[in-house]
Amino acid sequence: MKNIMLMLMAVFIIYSCEQETVEVSKSAGEWMMQNSPNQGKKYVMGSDNDADLVKEFMDAYENMNAEKMVEMSADIVKFHPGDVSGVFDVDMTNTDFINERQKDWDSIERTYVFIMPINMEDTSVRFVETSFNETTFSKDGTSESKGVFERLYINEKNKIERVVQWHRPSNQ
């Protein structure tokens with residue numbers, strides 16, 4: 001009798017447990033550029049692997065490791081710099097561009113705010129958005145600080161293929 005009571009009590013407890021279903025939004029936002037093949041597409045969260053890849057690329061820049069950046073880049077990278085207008089096709093088969101860009105600096109320090117991987121639904125579009133404060137220390141002893149928002153696009157070969165930057169004065 002004791003076993004039957006224990007069994008009935010166990011069955012009652014199991015059936016009285018309520019399962020709650022939580023619905024999670026899998027996509028949000030919208031690409032709105034008129035006449036774009038992606039117009040109307042929504043965004044979904046990307047992979048942490050993409051965030052890790054981009055962080056490694058950005059660390060290479062901060063550590064002034066141009067060779068590592070070349071390894072991690074497509075042969076041609078579309079660059080939208082935050083400090084000058086225009087879009088440039090950068091030859092990343094060698095270190096010339098990075099070395100030229102960093103030639104007057106002694107070091108770089110970055111403090112990250114966030115790194116967020118994002119994909120566009122039903123496409124191969126993958127990018128990582130990040131925000132950070134950056135201070136460059138020049139060889140002449142001066143320094144410059146700025147706030148940076150950056151979007152880095154990743155191709156199907158897991159190489160950086162586009163870098164889009166926005167700068168503003170830093171709070172530091």
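Structural notes, computed from the coordinates. (Residues numbered from 1 in each chain as written. Predicted model: local features only at pLDDT ≥ 70, side-chain atom pairs only at ≥ 80, totals over all residues. Heavy atoms only, no water.)

## Here's the deal with the packing of aromatic side chains
Reasoning step 1: By the definition in use, this model includes seven aromatic pairs.
Reasoning step 2: Between Tyr 112 and Phe 132, the aromatic rings sit 5.3 Å apart at their centres with planes inclined by 55°, giving tilted as the arrangement. With Tyr 112 in strand E4 (residues 105-120) and Phe 132 in strand E5 (residues 126-138), the pair connects residues that are 20 residues apart, well separated along the chain.
Reasoning step 3: Centroid distance Phe 149 to Trp 166: 5.3 Å. Interplanar angle 50°. Geometry classified as tilted. Of this pair, Phe 149 sits in strand E6 (residues 143-154) while Trp 166 is found in strand E7 (residues 160-169), placing the two residues 17 residues apart along the sequence.
Reasoning step 4: On the basis of relative accessibility, which here comes to 43%, the residue Trp 166 falls in the partly exposed class.
Reasoning step 5: The structure contains a cluster of three or more aromatic residues connected by ring pairs, namely Tyr 43, Phe 127 and Tyr 153.
Reasoning step 6: One Lys or Arg, Arg 151, reaches over the ring of Phe 127 and ends 4.5 Å from the middle of that ring. (Phe/Tyr/Trp six-rings, centres within 6.5 Å; stacked < 30°, edge-to-face > 60°. Helix = DSSP H or I, 4+ residues; strand = E, 2+ residues; numbered from the N terminus. Buried < 20%, exposed > 50% of the residue type's maximum accessible area, 1.4 Å probe, protein only. Lys NZ or Arg CZ within 6 Å of the ring centre and 35° of its normal.)

## Quick word on helix H2 (residues 48-62)
Reasoning step 1: Compared with an ideal rise of 1.5 Å per residue, which puts 15 residues at 21 Å, H2 spans 21 Å between its outermost C-alpha atoms and is within 8% of the ideal.
Reasoning step 2: Looking at H2, one finds that the buried residues are Asp 50, Ala 51, Leu 53, Val 54, Phe 57, Met 58, Ala 60, Tyr 61 and Glu 62.
Reasoning step 3: Two to three positions downstream of the cap, the backbone nitrogen of Asn 49 sits 2.9 Å from a side-chain oxygen, assigning the N-cap of H2 to Ser 47.
Reasoning step 4: Following H2 by one or two positions, Met 64 adopts a phi angle in the positive range, close to 60°. (Expected span 1.5 Å × (residues − 1). Polar contact = N/O pair within 3.5 Å; in protein donor to acceptor, adjacent residues only side chain to side chain.)

## Topic: the nonpolar core
Reasoning step 1: Counting 24 residues, the largest nonpolar core has Val 54, Phe 57, Met 69, Met 92, Leu 152, Ile 160 and Val 163 as the members making the most contacts within it.
Reasoning step 2: Of all the elements in the fold, those that place two or more residues in this core are H2, helix H3 (66-71), strand E2 (73-80), E4, E5, E6 and E7.
Reasoning step 3: Of all the elements, H2 adds the most residues to this core, at six residues.
Reasoning step 4: Excluding anything up to four places from it in sequence, Ile 160 contacts Leu 53, Val 54, Phe 57, Met 72, Ser 73, Ala 74, Val 77, Leu 152, Tyr 153 and Ile 154. (Core = buried A, V, L, I, M, F, W, Y, C linked by side-chain atoms within 4.5 Å. Contact = heavy atoms within 4.5 Å.)

## Some words on the pairing of E5
Reasoning step 1: Buried residues dominate E5, accounting for eleven of its 13 residues.
Reasoning step 2: Across 13 bridges, E4 lies against E5 in antiparallel orientation. Bridging from a neighbouring strand, Met 116 pairs with Glu 129 of E5.
Reasoning step 3: Taken together, E4 and the strand that follows it, E5, pair antiparallel across an intervening segment of five residues, in which Asp 122 is found at a positive phi of about 60°.
Reasoning step 4: Bridge analysis of E5 against E6 gives twelve bridges, and the strand direction is antiparallel. (Pairing = 2+ DSSP bridges.)

Nothing here speaks to function; it is geometry throughout.
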